Each structure stands twice: as structure tokens, then as C-alpha cells.
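Okay, here's what each chain looks like letter by letter:
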Amino acid sequence: MAKRLFNKEFFIRSVKYNVRTLFRKEIEEATEQQIFQAVGYAVKDAIMDAWIATQKEYEKSDPKIVYYMSMEFLMGRALGNNLINLTFYDEVKEALEEIGLDLNTIEDQEPDAALGNGGLGRLAACFLDSLATLGYAAYGCGIRYRYGMFKQQIVDGYQVEVPDMWLKNGNPFELRRPEYAKTVKFGGYVRVENRNGRNMFIQEGYQSVLAVPVDLPIVGYGNNVINTLRIWDAEAINSFELDRFDKGEYEKAVEQENLARNLVEVLYPNDNHMAGKELRLKQQYFFVSASVQEAIAKYKKKHSDIRKFYEKATFQLNDTHPTVAVAELMRILMDEEGLEWDEAWDVTTKTCAYTNHTIMAEALEKWPIELFSRLLPRIYQIVEEINRRFVNQIQEQYPGNYEKVKKMAIIMDGQVKMAHLAIVAGYSVNGVARLHTEILKKQELKDFYEMMPQKFNNKTNGITQRRFLLHGNPLLAKWVTAHVGDEWITDLPKIKELTLYVDDEKAQHEFMNIKYQNKVRLAKYIKEHNNIDVDPRSIFDVQVKRLHEYKRQLMNILHVMYLYNQIKEHPDMDFYPRTFIFGAKAAAGYMRAKLTIKLINSVADVINNDASINGKLKVVFIEDYRVSNAEWIFAAADVSEQISTASKEASGTGNMKFMLNGAVTLGTMDGANVEIVEEVGEENAFIFGMSAEEVIALENQGGYDPSQLFNTDQDIRHVLMQLINGEYSPNDPERFRELYNALLVDGGYNRPDPYFILKDFRSYAEAQKRVEAAYRDEKGWARMAMLNVAHAGKFTSDRTIQEYVDDIWKLDKVTVELPEEAK
Ligand code: HBZ
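Residues numbered from 1 in each chain as written. Predicted model: local features only at pLDDT ≥ 70, side-chain atom pairs only at ≥ 80, totals over all residues. Heavy atoms only, no water.

Which parts of the structure should I look at to understand the side chain of K594?
Relative to the assigned elements, K594 resides in helix α21 (residues 591–608). With a relative accessible area of 15%, K594 lands in the buried category. Apart from the residues within four sequence positions on either side, K594 is in contact with Q159, E161, A586, A587 and A588. (Helix = DSSP H or I, 4+ residues; strand = E, 2+ residues; numbered from the N terminus. Buried < 20%, exposed > 50% of the residue type's maximum accessible area, 1.4 Å probe, protein only. Contact = heavy atoms within 4.5 Å.)

Right, here's the structure in full:
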């Protein structure tokens, strides 16, 4: 990879200049935050030539563009990542050292751009990194939330949500582009007018808002390609005109101010759960309408035949959240570009493609007709017509089969079903791991698969090795490069050459030493943030992800309670010291998830303060788990807990980040775990629990009766009784009864233990025993961990993106040369 020249003197001058002009200070007087801002602007400067060159190249060679539409982009911090991808990281670190500044400290001043909840949002961020690195023309299209994912504080063991004021000091990387602002209309009614024999649909009495794009650079690795993440901000269209006495006008102006203010105020903090709020649908239409308008405007700059729009643009819908794009594109093509229905439909169905991220029923988006049609009257008309035609098609294909219509219609029982709309109007429907896609085809979307099998395909998720190894784990990254060269940075499968060293004792030793140093780094973080001493020689057993019942953090902590009981009952038993590390945010209104956090912290309090167990067990809940601290956590993990109820986790991507950092998977045969095990070999992972098929079969029988287990398994009964006897809540013995009831009485879906925690418990405990035995064999463990790194090649998002390009998007590759004066 060509390394761009870095001009040290120029860079230092630029930082100093920025401190002066931004803050009227010399560098010695500036705060750390001010220095971050100054360095950030200097880096944006260094990006600018390539950003301009890339856009010029796109204008010249006119490649097909993918618009990745997503309500979420979980970017994390930009500074370190941009330097890595500019291939300037070490040079900038050195340059800053010369003027007495520490890059790590500066990086720490940057707030995470937490414009996402979890896997879905982070996947979008990894995809942008890969698209730029592979040289494809792409725009991320999203919302510039004023408040991203809330900050989590733990107070008295409970989660408290604090607003995330990520923009309070300004964002040096962003670029406001008011010249590309768009108008988005809500509400009112549609008047039909016949002009020259053609029906015109005119929206009247609406409220409108101005969508103003804010661009963030997406730096490709070492290739001068800079793509754009375009996040839309909202502004009122007409600010107050104070001389207006007309009451109606005045009120309307106030309403439009409020609409603009509320629209982009905050990210909804639910993952895998639909809240159904009107404001959420407004957010969706807001950014989608602006993005579609922009895509069309861009196309029209160079092309006159709108019927061929799909040759130069494709929309990837990240779950159903942006699915109104389908109807918005239809609207613009018909109402503004003058196409007939069939022509517009032809373009739309060649432009839109849909990714499904979940089979959880409560996550599926359904909007009440009343709300949908009131907020988006013209869009609703179009959806109705799409539905009418589709229902006709079902009836033609399955005459007399009303069941099919009931199951497949887009509008049914007073609701608009967004997944059905996305499937009907899309040219591609993909799941995010092989198992997940198979479940979609065979169960959840069976009827659609039967009717249109050619649309369905799998795209197993991936992660970017540039953030999650090169930036997050510099020690291991250097070591890997020393052994296999640096091509893995843009060609991860090359990392497989590490297999040559897995039996080499020196390499094993070095590898484990790096893991140890990363554990020391995390132990320091834990000491600083939690004031808990953890022993870096203990096994670091980690579960970090959103808190959700199907992810089964509850099973993990129940098992910790069980281990603690064992140690207490048999103080002399041989037990390898273990540190159980948790990190998870719960959706603000998800009570059972929040109570699970309280339980984890309560168990941690008791265990960490019990001197009698000699520090054999420690439990740590890391506050405010997010992209920036995740990089350190993955680097330090020995065991990767991927323990979802089989069939429920569509893919998982944390599992891949752990693997790449040399942690061994302890998991169920769910999501991408299946493919991880396939790559690394079952002997190099710890697999347990029911299979997806078994889970689905048992669900179809109406579940199972866990009271049998309760009555016959003493250890399980002991742990469950501790939930209701005050063992971990002496002041309030009833505190955890809700969790007890969920496991034994009713946990939702009208049944006890719907996620089979107790059913899988023994199998999990037994797998944990195997983990312990394996860890005692130092060389064996080193070998296993190294094999995990070596076999992580498949899980780069570069591979995933290349598959999207080859099978779905059909993009053209672009190369960017910098002009002489910028080199
Ligand atoms: O998407 C996750 C899946 O649970 C995970 O298995 C997969 O690896 C990942 C990437 O494909 N899904 C989410 O993260 N979903 C959400 O965050 C979400 C957010 C808002 C919603 C629904 C889902 O309304």
C-alpha cells in the first residue's frame, strides 16, 4: 500500500496555528480538549486534498454509487482511526511528542460518535471503512442526532441514563453543507388535480422542515479515497417573521421551529425492539426523503434519462428503518419526474435492497395506518397502491388462498408492515449470517422466499481489522506484522500464515505476553473506573454487548453465583482464578434488562468483597460500554462469551472482534458463531447448548417446564432461591423476584424461561469447566488463541463488502491520484 508523505514541520505548524486562531492561546496554555480540537482540524486539513480529489474522480469517471441508508452509524472516535487510515499514525505520534504532547491523551479527549445502539449501527460504520478502503463510491446516509446513545452511569448498582452531549465542544471533522439543503414535508392532505389529462397529486396544508447535510470524511486505508458520511441536521424553514400579525402564520412558524428542534434531538435507545413512536417515523422519513432527493439531484447533474437511475445508484436499506425510501423514490419519480407507475416501479425495484438483522418478533416494524397516513399522506397512498397490486399478484399465484394474503400483505389488520414493503419493492433481501438467512428462508419469511427465491441471499457480517486490531491492539498488530508482513491490513486472510507459528514456543510466549500486557492495560482502566483490583493472571472472561434477554447475560451471572457457591462449599477445591467482565447498556424502558444489571452489580459487590475466597473470583461491570473502550476490552479478553439462545442472534459481530484479538469463543451454535467454529475448528472453541433446530422445535411445542429442573437439580435450585432469599439484596429480598418469575413462572410469550436459560445451564457449566482445564495448559491455550487469530480472515468487513458489490450492488472500482502539489 502506497504510503503518503507526511510533512512533520507543516503538521506541527498547523496544530500551533489552530490553537492560536481557535482559542487565542499558545500551545502551552491550551487545555487538553483544545489541543484535541487543534489536532483534529489539522488532520481534517490533511484529509481535504484527497477528499476533493476523490469527489473530482467520482464526477469524472461517474461510477455507480451505493447509498447506505441507516438510522444508525456507531462510528466511535475519528481521530485515531483517521490517522491509521491515512497511514500517518506513528508519524503524528512522534511529531506530537516533539512538542511535548501525547497522542493517546489527545485521542481520549474525543467523545465517541455514538449514533447507534449496537451491532447494526457498528456494522454500518465498518462497512463505510471497507467501502472506502476497497475504492467504491459510497455515501452513508443518516441523522445527525444532537444526542447519541445515552451515557451509562452505575449508581448504587443501577443503570442511570445521562444525555450524551457529544457535540458540546464542536466536532472538528464535520463539514456543514447548507448549499445542499432539502425540504421535507409532513402531514396535511393530498389534493388531486387533473392537468392535461394527467392526475397530479399535490400535498397541501403540510408542515415542512429544512434538512441540512453535515458531511464527515470516511478515510480509506492508504489509497487517497475519502468517502462521505452524510448526516442530516434539521432547521426550521422560515424562522420567525416578527412583523407577521396573522395568528395562523405565527403558530405555524412556532410549530415548524419545534418540529425542526425535536426531529433530530435524540437517537432512540432500543435495540431489537420497536417503540412505535410517531417521532421515530418522522425521523425515518426526514433523512430518507432528504437522501433520496439528493441522490436524484446528483444523478440528474450528469444524466437525462431518469428511467436508468438504477444504473448509477443503489439504496441499501439497513433493516426496515429506512424502508419509506421505496415509496419516497416512487413519489419523486412519478410526481416530480413525471414517470408512469410501471416505469417508476421498474426503477424502484432495481434500486432498493434490504438487509434483515433480526427474527425477534418485537423488533419488526409495523405502523398503525392512522399514524402513517396522517404523517405521510402521499407516501401512504403509494404504499396502498403497492399493496393493492401485490395482493393481486398473490391471488393470481395462489387462487383462493386467503391465508397467503393475510400473511403476506403489506397492509393488514390496520398496520403497515415495513419488512413486507422492503421485500416486495427490493431486488435483494439478505440475512447477516448463513444460519440466520436459512431461518429467514425456512421460517420467518418462508412465504416470500417461495414466491421470490431469487431475491434472497446471505451476506455474513464482518468487522474492520483496521480499527479492531491495528488501532485497538497495537502490540498484537505489530507482532502479527513481524510474522506475516503487513498485507493483512487490507487482506485479512493473509493472517492465516500465523498458523506456521502456533507450535513455536517463542511465538507462543510472545503472544501470551502481549495478551498479558493488554490485560494489564484493562486492569488499570478497571482500577481507575471501578476501583476494583483484578489480577491480570486470572482468566479474563468477557461478555460485552447490549443487554437483552436473548443474549442471556442472566445465564452468565447465574453461573457466577453457582461457581461462588461451589467455592464457598468446597474452599479447597482446585479453581483457576477468573475475572468475569460485563459491559452492557439496557434500553431505558426495559425493566428486566435493568434489573439484570443490578443483579450483576450486586453479585459483584458480594464476591469482590469476600476475602475468604482469596480473589479466586472477581466480577466487574464496566460502566458505559462503547466503541472506544471496547477496543481495549477485546484486546484483553481470554474468553469470548457468545451465549445467545440458538436461532436468536442473527449474526453477532463482537464474536469476530474477540476472535481477531485472540480470545476463544465460548458459545452456542448461533449466528456467525457457526461460521467461526467452521473456520477455526470445533476443538478450538467451547460450544454448548441446544441447537437452533432444537430451540425452534421446542418453541413450536409451546416451550418446556423448567420446574422439573428446579426440583431435581440442587445447584440450580440453590442459585434460583438466592434470587428470592435476599442473598444479594438483604435490604429487599423481593428485589430480584421478577427474574425468578421470568425463569419459573412467565418470562413472556406466556411461558417460563422462554430463552431456555435453565435448560442450557448444565451444558454451559460443563463447557466452562472445559475452558478452565484448557487454560491450565498454557501452551495448548496459546496455540488455540493463536489459531483463532489465524482463522479470523473470513470475518473482515472487506470480504462482506466485496460480496455485496459482486452479488448485489455491482459497483465499479475507483482509484484516486492526488494532484502533484498535494503529494
Ligand atoms: O445487528 C444486530 C443483531 O442483533 C446482531 O446479531 C447482528 O450482528 C447485527 C448486525 O447485523 N441488530 C441490532 O443491532 N439491532 C438494532 O440495534 C436495532 C435498533 C433499532 C431497532 C431495531 C433493532 O428498532
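Resuming the write-up.
Is there a simple way to explain the packing of aromatic side chains in this structure?
To describe a pair of aromatic rings, one takes the distance between the centres and the angle between the planes. Applying the stated criterion across every chain, the model contains 26 aromatic pairs. Ring geometry for W341 versus W345: centroids 6.5 Å apart, planes at 15 degrees, classification stacked. Pair noted here: W341 and W345 are both in helix α10 (residues 341–351), with a separation of 4 residues, about one helical turn. Accessibility expressed as a relative area gives 13% for W341, which makes it buried. Note on W345: relative accessible area 21%, which makes it partly exposed. Taking 5.3 Å as the distance between ring centres and 70 degrees as the angle between the ring planes, the aromatic pair formed by Y576 and Y775 counts as edge-to-face. Of this pair, Y576 sits in the loop between α20 (553–569) and β21 (578–583) while Y775 sits in helix α29 (residues 757–776); the two residues are 199 residues apart in sequence, bridging distant segments of the chain. These aromatic residues form a ring-pair network of at least three members: Y67, Y139, Y299, F309 and F315. Sitting over the face of the ring of Y398, K404 holds its NZ or CZ atom 4.7 Å from the ring centroid. Sitting over the ring of F150, K585 keeps its end group 5.7 Å from the ring centre. (Phe/Tyr/Trp six-rings, centres within 6.5 Å; stacked < 30°, edge-to-face > 60°. Lys NZ or Arg CZ within 6 Å of the ring centre and 35° of its normal.)

Before we go on, may I ask you to explain the site of the ligand in this structure?
For the ligand, the set of nearby residues contains 20 residues, the closest of which are L120, H357, N461, E649 and G652. In this structure, N272 approaches the ligand through a side-chain N or O atom, which is 3.3 Å from an oxygen atom. Interatomic distance of 2.6 Å between a side-chain N/O atom of E649 and an oxygen atom of the ligand. Considering the ligand on its own, with 520 Å² of exposed area, one finds that the protein chains cover 96% of that surface. Examining the composition of the shell around the ligand, we find that 3 residues originate from one element, helix α6 (residues 119–134), more than from any other. Formed jointly, the shell around the ligand draws a minimum of three residues from each of two domains, domain 1 (62–77 + 112–461 + 806–822) and domain 2 (465–795). (Near = heavy atom within 4 Å. Polar contact = N/O pair within 3.5 Å; in protein donor to acceptor, adjacent residues only side chain to side chain. Areas by Shrake-Rupley, 256 points an atom, 1.4 Å probe, with all protein chains shown as cover. Domains from an automatic or database assignment.)

Any chance you could explain the sheet that holds strand β24 (residues 664–667) here in plain terms?
The strands that make up a sheet pair up through hydrogen bonds in the backbone, lying either parallel or antiparallel. An order of β22-β21-β20-β23-β24-β25 is seen for the 6 strands of this open sheet, with the pairing classed as parallel. Looking along the sheet, the strands with just one partner apiece sit at the ends: β22 (617–621) and β25 (686–687). Taken together, the 4 bridges between strand β23 (residues 639–642) and β24 define a ladder with parallel strand orientation. If you follow E641 over to β24, its bridge partner there is L666. (Pairing = 2+ DSSP bridges.)

Please clarify how the nonpolar core should be interpreted in this entry.
One recurring pattern in soluble globular proteins is that nonpolar side chains are buried together. Membership of the largest hydrophobic core comes to 281 residues, with the highest contact counts inside it found for F186, F286, F315, F372, W488, L723 and W809. The biggest single contributor to this core is helix α2 (residues 32–61), with 11 residues. Composition of this core by domain shows at least three residues from each of domain 1 (62–77 + 112–461 + 806–822) and domain 2 (465–795). Not counting residues up to four positions away in its chain, the partners in contact with L723 are L558, M561, L599, P733, F736, R737, L739, Y740 and L743. (Core = buried A, V, L, I, M, F, W, Y, C linked by side-chain atoms within 4.5 Å.)

What should I look at first to understand helix α31 (residues 797–809) in this one?
Residues separated by three or four positions in an α-helix point in the same direction, a consequence of the helix having 3.6 residues per turn. The end-to-end C-alpha distance of α31 is 15 Å, clearly below the 18 Å that 13 residues give at a rise of 1.5 Å each. At the N-terminal boundary of α31, the capping side chain belongs to T796, with an oxygen 3.0 Å from the backbone nitrogen of D798. Two residues or fewer after α31 comes K810, characterised by a positive phi angle close to 55 degrees. (Expected span 1.5 Å × (residues − 1).)

Please explain the environment of R546 as it appears in this structure.
By the secondary structure assignment, R546 is in the loop between β20 (539–544) and α20. Sequence spacing of R546 and Y562 is 16 residues, and the spatial spacing of their C-alpha atoms is 23 Å. Only 2.6 Å separates the side chain of R546 from the side chain of N117, close enough to count as a polar contact.

Explanation requested: the domain arrangement of the protein chain in the structure shown.
Many authors give the size of an interface as the accessible area that is lost as the parts come together. Each assigned domain of the protein chain is listed here: domain 1 (62–77 + 112–461 + 806–822) and domain 2 (465–795). Taken over C-alpha atoms, the centre of domain 1 sits 35 Å from the centre of domain 2. The interface of domain 1 with domain 2 comprises 44 residues on the first partner and 47 residues on the second. Both faces combined, the contact of domain 1 with domain 2 buries some 3700 Å², and carbon together with sulfur accounts for 53% of it. Inspection of the domain 1/domain 2 interface yields 7 salt bridges. Linking domain 1 to domain 2 there are 23 residue pairs in polar contact (both at pLDDT 80 or more). When contributions to the side of domain 1 that touches domain 2 are tallied by element, the ones reaching two or more residues are β2 (73–76), α6, β5 (151–155), β6 (158–162) and α15 (434–444). Ranked by the residues each element gives to the side of domain 1 that touches domain 2, the list is headed by α6, at 7 residues. Of the residues in the side of domain 1 that touches domain 2, the class split is 16 nonpolar, 18 polar and 10 charged. (Buried area = accessible area lost by both parts, 1.4 Å probe. Salt bridge = Lys/Arg side-chain N within 4 Å of Asp/Glu carboxyl O. Nonpolar A, V, L, I, M, F, W, Y, C, P; charged D, E, K, R; others polar.)

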